[in-house]
Structures are given as C-alpha cells and as structure tokens.
Amino acid sequence: MNDVSRAAGWRPHSAHWGSFAARWQDERVELRPHPDDPDPNAVLENFATAPRHKARIAQPMVRRGWLEHGPGPDERRGRDDFIPVPWNRALDLLATELARVRDLHGPGAVFGGSYGWASAGRFHHAPGQLHRFLNMVLGGFVRSVNSYSAGASSVILPHVIASLDAVGRRGVTWEQIAAHSDMVVAFGGMALKNSAIAAGGVSRHVERDAMRAARERGARFVLVSPLRDDLPAEAAADWLPVVPNTDTALMLALAHTLATEGLHDRAFLARFCAGYETFESYLLGGGDGQPKDAAWAATICGVPADAIVALARAMAGRRTLVTVAHALQRAEHGEQPVWMALVLAAMLGQIGLPGGGYGYALGTMGHYGRREVAVPLPTLPQGRNGVGVFIPVARITDMLLRPGGSFEYNGKRFTYPDIRLVYWAGGNLFHHHQDLNRLRGAIARPDTWVVHDSVWTAAARHADIVLPATMTLERNDIGASSADALMVAMHQVLPPFAEARDDYAIFAALARRLGKAEDFTEGRDAYARTQAALVERGGAAPDFDVFWRRGELLLPMHEDDGGIVGAFRRDPGENPLPTPSGRIEIASATIAGFGYSDCPGHPAWLTPADVPDARHRLWLVANQPARRLHSQLDFGEHSQAGKRRGREVARLHPADAAARGIADGDIIRLFNDRGACLAAAMLSEDVCRGVVHLPTGAWYDPADPEDAVPLCVHGNPNVLTRDVGTSRLAQGCTGQLTAVEAVRFAGNLPPIRAYDPPE
Ligand code: PGD
C-alpha cells in the first residue's frame, strides 16, 4: 500500500472472503479488493455498515436467571432476559465460576471444543485464544475433533489414501486443470461461492479463470448435482441432475460399466491399489446377487441408464479428473461417495498424473487445488491440553444429553464426559449444528454457558455470560492461509464498538484473576516463526516493522508436484502411501475389522434411512450460502439484498411449486417432525424436481422462544436437519440433506427480530 492511500485513511486488511484495503468514512466501511485479485468476492460488501449495526453486543451481559440463582442447569437459557454488568464484575463472576468448576469437577468438566470459523487474523483467532487460555490457565479442556466441513472425509481418507490435507491441499491444482484435464466429472460441483472463501483469507480467486481456460482448451465438464448452478457458466458443463444422496449408486454403475466393458486400467489397479478383487466381486453382484449396473443405479439416482453408460465410456482412456465436494459427505453414509469416487478414479488409472485422477474437495473452499505455502504461518502456540477427552465435533448435543453414555468412533468405543461449563468463542452453534430444537434441550444441561461474540447470534442469546468481542476491522492482526502466498498485515480500520474488547484482552484479564497472567501472555511473537523459516530458506525475511509498514508479504510456495500422491505415482516403492498396504485401499481390512454395517470394508451402496416419504415429499438441500460466509454478517447489505420480504430464499422447481399451489415470491413453511421454518419461495428450473434448496446462514429467529418447538420465521434450515452422525466410523455432521414438506404460509407474516439485541 502506498503512502498516498495510507494518508487518505486506507488500511490493508483481510477476511476469510478476500484481501482488501478499507477505510472508515461517514459511518461506513469503504472497501477496495486487493488489486491482484482477478475475481474479487462481493461478500466483502457485507462489511459496509456492519461495525455499528444494532446486532453488535455493546457491553458484557449476564442472563438474569444465572445472576439471580447462580450456576446450574436451566431451561430458561434462550428465553430469559439479560442484565448489563460492568466489565470488572463480569470478569470477576466468570473467573470465580471457572475456578469453582475446576476445583470441584476438574478441567475435564469444561467443554472448550468451541467450533467456529471466527475471523481471518491468525493471532486473534478466537477458538485458538480460548484453547490456549484453557490449557495454560485451567490445565486443559474437553476438545472436539474434526470439522463440520469434512467430518466424514477427514476420517476415511487416511484409511484409504492419505490425509485430507495431503489429498485436497497438495494434489490436483487449478493450474493443472487449466493445462491438462480432458474431462472433469464434478460430483457436487465446484461452485464459486464456496471456493471464494478460505479460512485465514484468500487474496486471489483463481477458480473461474482456471475453468474458463480448461474449457477453452477443449476440456469437458460434467456436473452431477441436484443444483445446476454448482458449476459456473464458464465451465459450460453438461448437467446430470441426481437424486440427493445417491451419488454412490451412480459411481458404482460407472465402475460397473468400466469393469464389464474392460475399460478399467488393470495395470494401475494391480500396481497402485489393494483390494480391487474384493470390491469387484461386490460390484458384479457377489454377496447380494445384485450387479451394480446402470439399470440398477438409474432407479436409485434418477440418471438414465444410457447416460450412465455413455459417461463411463467417455471417462475412460483420457485425462479424467473425478472431484467430490465436501457437501456429499455431509450426509448419511457420507464416507461412501468419498471412497467410491477414489475407487472410480483408480479404475480410470489417472491418479497422480497432472490434472487427472481424484480431486477430493476441489472447489469446496479456496484452500484446495492450490500450491501450499512452504513456511509455517504465524500462529499462536496452544499449550498442552492435560485432558485427554474428546468428542467428534458434531456430537455436542449427544454429549450434553448423555453424560457417561458411550459412542463409537473410528474403531473404538468412548464415553461422553459430564460437562459443567461450556465456553464458546468464534463460532455460532445455532448456525452450524443440526436439529436446533434438540440442541436447545441440551443447552439447558450444563451449569454455565459462556460466549464471546461481536454480535447477538442465537448462540450468544442462549448463553449465561456474554462478553462483547471486537470485530476484525477493530484490531491489528496478521492474515495468512496455508494455500495463499499473501500474508497480510491487517491494520485496524476503526475504533472498537462500545465496550467491545479483543478476545485476547478478555482472556488475559481472566488469566490475571486466576493467577496465571504470565502463562497466558508469554511467547506471543507469532511472526518470529515465519521469519525464522524464511531466513532458513535464504529468502527475504523482513523484520516485523517492515512487514507491518508494507502491509503484506509474499511467502514462498511448494512446487506443483502433486504432493505425496504425485510422488507415489512416480515411484510407489520409494514413496508408499501412508495406508496399511502403502497403496490406495479399494478394500480396507482395517475398516472391515471394525465391523460397522454403516461403513463396511469397501465402498458400497447403503440405503439411507432419511429419505422423503408420503408426509415429507421433498429433499431439502441445505448448503453453503452465496451472499455471506456461514452466518457471518447475515445482517450485512449484500446478504440482506438476497432475501425476499426479509426471509431467506428457498428455491424449488416450478412443477413442485405448482403441485402445492406455491407461486414465486410466496412465503412458504418448510417442516418435518423436528421443526419448521419460513422462507420466501423462488421458482427455478436450476433445481432438480423433488428438491427444495435453502442455504444455511439465516440467523435463527424463533417466533416464540417459550415454545418447545418454535417456528423459525427467518429460514434457518438447521431446525429441520437431523442430528445423526454419518456413520460409526466418522460421526460426521449430516446437515446437508433431509426430508421436508413445503406449504404456502397464509398467516400474518411475523417480524424478523433476529438482529434486535435481547431485552
Ligand atoms: P460462522 O457463522 O462462521 O459459523 O459454522 P461456524 O460456527 O463457523 O460463525 C462464526 C462466529 O464467530 C460468528 O458468529 C462471528 O460473529 C464470530 N466471530 C467472528 N470473529 C470473531 C472474533 O474475533 N471473536 C469472537 N469471539 N467471535 C468472532 C460453520 C459450519 O456450519 C461449517 S464450517 C460447515 S461446513 C457446516 N455446513 C453446514 C451445511 O452444509 N448444512 C447445514 N445444515 N449446516 C451446516 N453447518 C456447518
């Protein structure tokens, strides 16, 4: 950034949705995307009026019931009013409560899993700050493992090929697709709204141009999805509309065609894979007597048999890339499409070659399909967690409802801990978790629930102690992501709102009260690690002050060499995969040994339990939103411009709408046995028949919080989704899909109050 811009008030900054310069003028954030970004993200516009929005939390607040009666289980969470308290009082109360729980029950009674994306700055990363605080000051906490994004894939991939990061972050790149792919078959697509986002920031959005370049070179894209817009116009894809959660059947039929027509690469399977014979026997009908052929799959997935056969033939004998979106594994048996796509790619024999093979999660976030940064990023050390207990992240409700109960995960049996205090910073549980009415019951269980956030999310409204955090624009930080060369000196753009404080300052004040100030505040020079690595490589390693003044630094990146999968392909003897066989596991003795019927020893079609029925005839697709990241800044101008009559938009096919007397723009009620929400109908032929598409991120807005099962008047799909793990193997979140029904809503339209501060 030059001196003229700086003098005019512009400051470099970064968000998960892009790097930019900003200044605070006339109560608005003015923004300029980074000049090197070829395809800037309009989600940046949500910042404009966000810093002084009424949804901001102005001061520390304590729930009346907790303040008057002290800690304890309480159904009033989310229903009670709040009392403002001065900072010192709030911190004293919280420090006393933390000490009480630690002394009475031990740190193993504190849940600090606190899932959430928070903000892009690596120092002020709220969950990281919380974990460090709990480790250094309390001695540890019950943690969560894996993510809502990739719960199933992060567990199955290491069994069958390599870690999620090794496959997704250092495998097939967009550069390779632009230069080498002949055909890209994208299960779940690669929507630009998803790759426009990356945790820690993304300074150059390259995906649109890469698809355009591949297409112009003659590459063919095929989209397999219930939604036509899961690939951008630049890909000019052939769209195969598919019944949700049936991709595995379709992939099996593609594999069947390859096997029975002799189109599979036997040499590749013999040299690089283990277990093909076991799988082929199942594929051809061994065991259940059902060949997994195109005619069989057509009745399940809705793609005509001749189209399946034609696609299989087209995929064979050329540089074909099979990609699978995260979305497919955020569903019942979500492990299966991840594994089966790998097997399909193995049969095509292109794995490890540039632009071919298997692209798990490509296009799902800006992290994937790029080279990786070759030096460690500036992150804050987390300390040592003295509590060895964990849950798979999406099992939070189960944990709170069934202390002492057992669960299975990745071949072992574990016990849920008895949690007395829950501490959340940087996530919105009412955005990310499923079956919110069940969750509300679980939230009543612990003694104390603490939330730091900058805004009154539903998660904050359900807490006992709510502490106002600064927004990213209100503090200095460093933005960096392992998939982006640009490290950004994130300068403060405007003063903090009201009494908001940085999470770090809050934890430091608590640590002081608990007699551990120095343990928490020492060793904070996060930049030094990156600088030392740069020096070691002999590259430019400016001092922190120089970096800060310049506003950014380009970090070195790894070669585009396909990572460990590329190395394996070049020499499997020298570079075996980190699987038990050292090869791609088409059948896994380890997984078979777990004895899980919901995740057997090779990929298989497992009929899901959660499917539309006579009462709920539609599939709900609850995917990532286009106009914001998750629930963040849902009140922002860009997000709001996408709503109709203040509600989130639900798209459905004109034929499904007509059958229900629903017109474009009508308010509809979506419901099933778990809950109901309102949304504004948009009719679209880009949505498969039998599907209603309601993205996530509209803030939960119960018509009457006193109800056990209130209507969400705004359109949060997680009142409808199921809180059941993908399988016993991974216990991932299944929030992407469920069965619902839709009717026109004829009542008086309730107001949206989600952004109003509580009484
Ligand atoms: P966000 O809206 O990003 O959602 O779930 P996640 O909880 O990450 O929440 C981040 C919160 O952090 C916001 O409330 C924001 O205000 C707050 N915040 C930001 N910066 C700071 C800060 O500096 N300090 C503090 N204290 N707070 C801060 C996302 C999760 O949702 C994900 S990753 C996925 S992939 C899942 N996807 C689906 C899905 O596909 N379908 C359904 N139905 N449900 C999903 N949920 C999951």
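Here is a short report on the structure shown in this document. Since this is a predicted model, take the numbers as computed values, not measurements. (Residues numbered from 1 in each chain as written. Predicted model: local features only at pLDDT ≥ 70, side-chain atom pairs only at ≥ 80, totals over all residues. Heavy atoms only, no water.)

Re the sheet that holds strand 1 (residues 11-15)
Thought 1: Taking strand neighbours across the sheet as the criterion, the three strands line up as 1-2-3 in an open arrangement whose pairing is antiparallel. Among the strands making up the open sheet, the edge pair consists of strand 1 and strand 3 (28-33). Taken over all neighbouring pairs, the strand axes of this sheet differ in orientation by 45° on average, direction set aside.
Thought 2: Direction of pairing for strand 1 relative to strand 2 (residues 18-25): antiparallel, over a ladder of five bridges. (Pairing = 2+ DSSP bridges. Helix = DSSP H or I, 4+ residues; strand = E, 2+ residues; numbered from the N terminus. Axes fitted to C-alpha atoms, helices over the stretch in contact; angles between N-to-C directions.)

Some details on the sheet that holds strand 20 (residues 477-479)
Across a sheet, strands are paired by hydrogen bonds formed along the backbone, either parallel or antiparallel in direction.
Thought 1: Overall, antiparallel pairing links the three strands, which are arranged 20-21-22 in an open sheet. Looking at which strands have only one partner, the edges of the open sheet turn out to be strand 20 and strand 22 (552-554). If you compare each strand with its neighbour and ignore which way they point, the axes differ by 15° on average.
Thought 2: Bridge analysis of strand 20 against strand 21 (residues 486-490) gives three bridges, and the strand direction is antiparallel. Within strand 21, the position partnered with D477 by the bridge is M490.

Concerning helix 13 (residues 294-301)
Thought 1: By the burial criterion, the buried members of helix 13 are A294, W296, A297, A298 and C301.
Thought 2: Those residues of helix 13 that are buried lie in contact with helix 10 (247-260) and helix 14 (305-315).
Thought 3: Phi turns positive one or two residues past the end of helix 13, at G302, with a value near 85°. (Buried < 20%, exposed > 50% of the residue type's maximum accessible area, 1.4 Å probe, protein only. Contact = heavy atoms within 4.5 Å.)

Section: the pairing of strand 26 (residues 667-672)
Thought 1: Within strand 26, five of the six residues are buried, leaving the element largely enclosed by the surrounding structure.
Thought 2: Of the strand pairs in this sheet, strand 26 and strand 27 (residues 675-683) are connected by six bridges, and their pairing is antiparallel. Each residue of the ladder has a partner; that of R669, found in strand 27, is L678.
Thought 3: Taking the residues between adjacent antiparallel strands as the criterion, strand 26 and strand 27 are bridged by two residues.
Thought 4: The pairing of strand 26 with strand 30 (residues 737-744) spans four bridges and is antiparallel.

Notes on the pattern of salt bridges
Thought 1: According to the stated counting rule, one finds 49 salt bridges in the structure shown.
Thought 2: As a salt-bridge pair, R413 and E408 come within 3.4 Å of each other at their nearest N and O atoms.
Thought 3: Since its relative accessible area comes to 56%, R413 is described here as exposed.
Thought 4: Across the salt bridge formed by D634 and R628, the nearest N and O atoms sit 3.0 Å from each other.
Thought 5: For D634, a relative accessible area of 0% corresponds to the buried category.
Thought 6: Assessed through its relative accessible area of 3%, R628 is described here as buried. (Salt bridge = Lys/Arg side-chain N within 4 Å of Asp/Glu carboxyl O.)

Details of the packing of helix 13 against helix 14
Helix packing for two helices is described by the angle between their axes and how far apart those axes are.
Thought 1: As a packed pair, helix 13 and helix 14 sit with axes 8 Å apart at the nearest point and diverge in direction by 120°. It follows from the interaxial angle that helix 13 and helix 14 lie oblique. For the crossing formed where helix 13 meets helix 14, the hand is right-handed. For the pair helix 13 and helix 14, contact is made by A294, A295, A297, A298 and C301 and by A305, I308 and V309, respectively.
Thought 2: Among the residues making up the contact of helix 13 with helix 14, the classes are represented as eight nonpolar, no polar and no charged. (Parallel < 35°, antiparallel > 145°, perpendicular 65-115°, else oblique. Left-handed = near helix turned anticlockwise from the far one by under 90°. Nonpolar A, V, L, I, M, F, W, Y, C, P; charged D, E, K, R; others polar.)

Description of the site of the ligand
Thought 1: Within the structure, the ligand sits among 32 residues, and S119, H432, R475, D503 and S631 are positioned closest to it.
Thought 2: Between D503 and the ligand, the recorded distance is 2.6 Å, taken from a side-chain N or O atom to a nitrogen atom.
Thought 3: Contact between the ligand and N718: a nitrogen atom at 2.8 Å from a side-chain N or O atom of the residue.
Thought 4: Calculation on the ligand without its partners gives an accessible area of 920 Å², and the protein chains cover 98% of this total.
Thought 5: Secondary-structure elements contributing two or more residues to the shell around the ligand are helix 18 (429-432) and strand 18 (448-453).
Thought 6: For the shell around the ligand, a count of residues per class yields eight nonpolar, 20 polar and four charged. (Near = heavy atom within 4 Å. Polar contact = N/O pair within 3.5 Å; in protein donor to acceptor, adjacent residues only side chain to side chain. Areas by Shrake-Rupley, 256 points an atom, 1.4 Å probe, with all protein chains shown as cover.)

Section: the layout of surface pockets
Thought 1: Estimates place the volume of the largest pocket at around 1,100 Å³.
Thought 2: Around the largest pocket sit 39 residues that line it, and R122, H125, S147, R169 and A199 are the ones nearest its centre.
Thought 3: Elements with a contribution of two residues or more to the lining of the largest pocket: helix 4 (126-138), strand 7 (143-145) and helix 6 (164-168).
Thought 4: The greatest single-element share of the lining of the largest pocket, amounting to five residues, is contributed by helix 4.
Thought 5: Grouping the amino acids of the lining of the largest pocket by side-chain chemistry returns 13 nonpolar, 22 polar and four charged.
Thought 6: Within this model, the second largest pocket holds a volume of roughly 800 Å³.
Thought 7: Taken together, 38 residues form the lining of the second largest pocket, with K193, D229, P625, A626 and R627 sitting closest to its centre.
Thought 8: For the lining of the second largest pocket, the secondary structure elements donating two or more residues are helix 8 (192-195), helix 9 (207-217), helix 27 (637-641) and strand 25 (649-652).
Thought 9: Considering each element in turn, the lining of the second largest pocket owes the most residues, three residues, to helix 8. (1 Å grid on protein atoms, 1.4 Å probe; cavity = no way out; pocket = protein on both sides within 12 Å on 5 of 7 lines; lining within 4 Å. Points joined across faces, edges and corners; volume = space filled by probe spheres on them.)

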